[in-house]
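# Fold and contact review
So the chains spell out like this:
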Amino acid sequence: MKMDKRTMNQKKQKSNRKLFGIILFFATLVFFTVFIGRFFYVALGHNVSGINLIKSAQSIYERATTIKAKRGTIYTADKQVIAEDTETYTVYVVLSKNAAPNYLKPQQKPEAAEILSKALNMSYGKVIKILNPDNQELYQVEFNGTSISRETKQIIEKQMAKKNIKGINFTASVARLYPNGVFASHLIGVVKKDESDSDKMLGIMGLEKVFDKQLSGQDGIKTASTDVYGIANPNTKVKARKVKDGDDIYTTLDSRLQTYLETLLSKAQENYHPKNINAVLMNAKTGEILAASQRPTFNAQTREGINDQWANTLFEDTYEPGSTMKVFTMAAAIESGIYNPNATYKSGTYRIDGIPINDWARNWGTLTYRQGFIRSSNVGMAYLEQQMGAKTWEKYIKRFGFLKSTNSGLGKEASGSISFKYPIEQANTAFGQGIDVTVLQMMQGFSAIANGGTMVKPRLVDKIVDPDTDDVVYQSKKEVVGHPVSKETTTQVIDMMRDVVNDPNGTGTPYKMQGYDIAVKTGTAQFANESGNGYLTGEKNYIFSVVGLAPASNPKYILYVTMKQPKSLGTGNTIILSSIFNPLMKRTLDQDEESINGAQTITVKNVVGQSIETAKVQLQETGANVVVVGNGSVVKKQTDVKETLLKGQRVILLTNGTKLMPDISGWSRSDITKLAYLLGVKVSFTGSGYATSQSIVAGTDVTNLKTLDVKLN
């Protein structure tokens, strides 16, 4: 029995092994069948999980090259550069013998250090130390923090080639250049590096931000098939998307007037130390902003001062305008029919609901309303508002564009506000208290007075141009935004503003300019106490302002200046503001007269290669102010080839002789920058305005000099 049981177990084990073998055989057969089937499927279909293997493999060996778009240039109306892209370079030096023969040989390091120290404006000792690092195994060393121009790079390359020095290399990067420094900085704005793409710049303020898309353009892409070593495969189709450079923006700013305004504001800031200054010069007929700036401001090139005031106070900040608001009160009173030129009132104090409204002087006695306007009487304006009625006055406030954005396209604007519930609040707004406005709202409203009742929107952008085709992709136009009052009304208001200047009792007598027909209105506004209720007190705690129209007989220009809390009043607030207003308005009217009597613009001829005498004659015949640099006889280089300039602007000619420094006293920052480019020197500025001193004396040979320091004032 035991033998039979053992035999049966053996037979059973043998049967199990046979069954396992059969199962294993068929499992293996199925696996290889599936594997071979899958292999043929992939080989014939070239697809795995929906992925095309051929295309995927090709993509591994395709090289995509990005062609960076050039950011658009921002210009003044007279084609002077405000902001543009420029290539800068950093230096690195290959030290490793593994890069032979293109490495810096040890015995050539002293010569290389001598050249680099001059070009990079670094001490010889510092350069030689960088070229001899402690770690002798370093492949290369970099001069971090250095940023040189293309011209400096070419000088280094030329000197290295002359001495057969190898291993000096350059890394190119794009930078945004603002050659004028302080120049409508908050309006133009600045850029920063894109965190996701260090070669791309993003506008973060002003026009640079508002028109970032247009200025940025679109990068091009070129894709080519390569082998495993990155070498392009022949007979393969190259895919490409053409680069689209950013569009150029032409502003309405006049370079000469803007530069002069910056100079005047800087002087006022230095002399009187106000908390804030705003100034705008506008063409009353078209709404074009010819010059505008603020203080505090910043240098767009160096970013110095940018954190002192980030907001654009011309349209982001609101304030109570004070007595310049009386221009609109008087216009509304005349237009509504309640103004009587023969009617009189008692000046000094007027109580509404027991609350007094006071004149700044209380001994005028009985006045006509015209006399009240000339003397800037709060009481007179309050009486006129009460006679109009709150609803009528509010209607005109809105007609003149207050309490809403001008939508000028310069950024996010404030709308303003008003306290208008009670009779005393309603009367207060008639002399500019209890109503908050922006500078641009005031400019828009003043345009209605200047234009015979036609109100135009302020504008800073003239046109946008495609630099590749010169096609104008956008052209701004004069935009009429209302007709709040009639021409007859504005004629009477302007006549009263004339008397503000010319009448002995007028508040604007410091703005009188012999031989110029000016109409103005002054303003002195209190402002709220930030730490409590009511208004600040004290002779300096005001916003002083003035608006002027000229020529008064047919106003073409509006100039509006405000100054908040000057620490020093000098001989009076009107004298402070007249130090800005008078010279700028005079310069504007004189320049306008020049443009009427002669051609305003010239096209600069290319005179490179001609003799100096011939070139000077040709350029001077067109009206250019020719400056010759050097003692040669032939023009080697020149500025502004085929550019359109204002008559009388400088064109600089560099001769083929020794480079001699000219006297640049009185030159603008823009002209000095052009000169520095021709001479191959690096220029640094302090201050703003026009040149008053230079570090390189006139007549000096600048062939071996690399830096020029200029003080502007």
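Remember, it's a predicted structure, so these values are computed and weren't measured experimentally.

## Overview of the environment of Ile-558
Tracing the sequence through the fold places Ile-558 in strand β27 (residues 557-564). The buried category is assigned to Ile-558, whose relative accessible area is 0%. Separated by 39 residues in the primary sequence, Ile-558 and Ala-519 place their C-alpha atoms 9.8 Å from one another. In contact with Ile-558, other than residues within four places in its own chain, are Val-280, Leu-281, Met-282, Ala-284, Met-443, Phe-446, Ser-447, Ala-450, Val-547, Gly-548 and Leu-549.

## As for helix α3 (residues 109-120)
One turn of an α-helix holds 3.6 residues; hence residues three or four places apart share an orientation. Compared with the 16 Å implied by 1.5 Å per residue over 12 residues, the 16 Å span of α3 between its first and last C-alpha is a close match. Turning to α3, its buried residues number three or more, namely Lys-109, Ala-112, Ala-113, Ile-115, Leu-116, Ser-117, Ala-119 and Leu-120. Lining the buried residues of α3 we find β5 (81-94), α4 (124-131), α5 (150-162) and β7 (168-177).

## Focus: the sheet that holds strand β33 (residues 682-686)
Spatially, three strands are ordered β33-β35-β34 in an open sheet, and the strand pairing comes out mixed. Looking at which strands have only one partner, the edges of the open sheet turn out to be β33 and β34 (691-694). Taken pair by pair, the neighbouring strands of this sheet meet at an average axis angle of 30°, ignoring direction. One ladder, built from three bridges, connects β34 with strand β35 (residues 707-712); its direction is antiparallel. Looking at β35, one finds that Gln-694 is bridged to Val-710. Its contacts with the sheet put helix α19 (residues 669-679) on β33, β34 and β35, and the angle it makes with β33 is roughly 160°.

## Here we look at the side chain of Gln-294
You can see Gln-294 is positioned in strand β14 (residues 289-295). What makes Gln-294 buried here is its relative accessible area of 2%. Among the polar contacts listed, one links the side chain of Gln-294 to the backbone oxygen of Pro-296, at a separation of 3.5 Å. With residues near it in sequence (within four places) discarded, Gln-294 still touches His-186, Leu-265, Ile-277, Asn-278, Gln-309, Ala-311, Asn-312, Thr-313 and Leu-314.

## Looking at the sheet that holds strand β30 (residues 635-638)
The strand order β29-β32-β30 describes an open sheet built from three strands, whose pairing is mixed. Both outer strands of the open sheet, β29 (625-629) and β30, are each paired with one neighbouring strand and no more. Shown here is a sheet whose adjacent strand axes are inclined to one another by a mean of 30°, direction ignored. This element, α19, spans β29, β30 and β32 (650-655) of the sheet and lies at about 15° to β32.

## Quick look at unusual backbone geometry
Here the bond from Arg-295 into Pro-296 is cis, since omega is 0°, no more than 30 degrees from zero. When you line up the elements, Pro-296 lands in the loop between β14 and α10 (326-336). Cis geometry is found at the peptide bond from Ala-550 to Pro-551, where omega equals -15°. With respect to the helices and strands, Pro-551 occurs in the loop between β26 (543-550) and β27.

## Topic: the packing of aromatic side chains
For any pair of aromatic rings, geometry is given as the distance between the ring centres together with the angle between the planes. Throughout the structure, instances matching the rule amount to 11 aromatic pairs. Between Tyr-75 and Tyr-250 the ring centres are 4.7 Å apart and the planes differ by 15°, which places this aromatic pair in the stacked class. One end of the pair, Tyr-75, is in strand β4 (residues 74-75); the other, Tyr-250, is in strand β12 (residues 248-251), with 175 residues separating them in the sequence. We note that Tyr-75, like Tyr-250, is buried. Consider the rings of Tyr-542 and Phe-544, whose centres lie 5.9 Å apart with planes at 40°: the pair is tilted. According to the relative accessible area criterion, Tyr-542 is partly exposed, its value standing at 22%.

## Quick word on the nonpolar core
Met-330, Ile-449, Ile-558, Ile-580, Phe-581 and Met-585 are the most contacted members of the largest nonpolar core, which has 123 residues in total. Sequence-distant contacts of Ile-449, that is, excluding residues within four places in its chain, are made with Val-327, Phe-328, Ala-331, Phe-400, Thr-490, Val-493, Ile-494 and Leu-549. Of all hydrophobic cores here, the second largest spans 23 residues; its members include Leu-116, Ala-119, Leu-131 and Ile-156.

## Regarding the packing of α10 against helix α15 (residues 439-450)
Two elements in contact, α10 and α15, have axes whose closest approach is 11 Å; the angle formed by their N-to-C orientations is 40°. Considering the angle they form, α10 stands oblique to α15. At the point where α10 passes α15, the crossing takes the left-handed sense. Contacts from Val-327, Phe-328 and Ala-331 in α10 reach Met-442, Gly-445, Phe-446 and Ile-449 in α15. Split by residue class, the contact of α10 with α15 holds six nonpolar, one polar and no charged.

## Digging into a positive patch on the surface
A cluster of basic residues, Lys-158, Lys-162, Lys-636 and Lys-637, forms a positive patch at the surface. Elements with a minimum of two residues in the positive patch: α5 and β30. Of the residues examined, Lys-158 reaches a relative accessible area of 61% and is grouped as exposed.

## Comments concerning the pattern of salt bridges
A side chain of one charge can pair with a side chain of the opposite charge when the charged atoms of the two come close. Enumeration over the complete set of coordinates arrives at 20 salt bridges. Across the salt bridge formed by Arg-71 and Asp-212, the nearest N and O atoms sit 3.0 Å from each other. A residue pair is termed long-range when its members are at least 10 positions apart, and Arg-71 in the loop between β3 (62-67) and β4 and Asp-212 in helix α8 (residues 212-216) qualify at 141 residues. For the pair Arg-71 and Asp-212, a shared accessibility class is recorded, and that class is buried. Between Lys-457 and Glu-479 there is a salt bridge, with its nearest N and O atoms 3.5 Å apart. Residue Lys-457 is found in the loop between β21 (455-456) and β22 (461-465), and its partner Glu-479 is found in the loop between β23 (472-475) and β24 (480-482); the two are separated by 22 residues along the sequence. Through salt bridges with shared partners, a single ionic network connects Arg-71, Asp-85, Arg-176, Glu-208 and Asp-212.

## Structural notes on the pairing of β35
Sheet faces and side chains relate simply in a regular strand, where the side chains alternate between the two faces. The alternating pattern of β35 places Leu-708, Val-710 and Leu-712 on a buried face and Thr-707, Asp-709 and Lys-711 on a face that is not buried. Alignment of β33 against β35, held across five bridges, turns out to be parallel. Pairing of Ser-684 across the sheet is with Asp-709, part of β35.

## Some points on the packing of α10 against helix α16 (residues 487-502)
Between α10 and α16, the least distance of the axes is 9 Å, while the angle of their chain directions is 140°. By the angle between their directions, the pair α10 and α16 is classed as oblique. Handedness of the crossing formed by α10 with α16: right-handed. Contact with α10, carried on its side by Val-327, Met-330, Ala-331, Ile-334 and Glu-335, involves Thr-489, Gln-492, Val-493, Met-496 and Met-497 of α16 and no other residues of that element.

Procedures and definitions
- Residues numbered from 1 in each chain as written.
- Predicted model: local features only at pLDDT ≥ 70, side-chain atom pairs only at ≥ 80, totals over all residues.
- Heavy atoms only, no water.
- Helix = DSSP H or I, 4+ residues; strand = E, 2+ residues; numbered from the N terminus.
- Buried < 20%, exposed > 50% of the residue type's maximum accessible area, 1.4 Å probe, protein only.
- Contact = heavy atoms within 4.5 Å.
- Expected span 1.5 Å × (residues − 1).
- Pairing = 2+ DSSP bridges.
- Axes fitted to C-alpha atoms, helices over the stretch in contact; angles between N-to-C directions.
- Polar contact = N/O pair within 3.5 Å; in protein donor to acceptor, adjacent residues only side chain to side chain.
- Phe/Tyr/Trp six-rings, centres within 6.5 Å; stacked < 30°, edge-to-face > 60°.
- Core = buried A, V, L, I, M, F, W, Y, C linked by side-chain atoms within 4.5 Å.
- Parallel < 35°, antiparallel > 145°, perpendicular 65-115°, else oblique.
- Left-handed = near helix turned anticlockwise from the far one by under 90°.
- Nonpolar A, V, L, I, M, F, W, Y, C, P; charged D, E, K, R; others polar.
- Patch = residues over 30% accessible without salt bridge, like charges linked within 9 Å, V, L, I, M, F, W, Y side chains within 5 Å.
- Areas by Shrake-Rupley, 256 points an atom, 1.4 Å probe, with all protein chains shown as cover.
- Salt bridge = Lys/Arg side-chain N within 4 Å of Asp/Glu carboxyl O.
- Lys, Arg positive; Asp, Glu negative; His and termini not counted.
- Charge placed at Lys NZ, Arg CZ, Asp CG, Glu CD.

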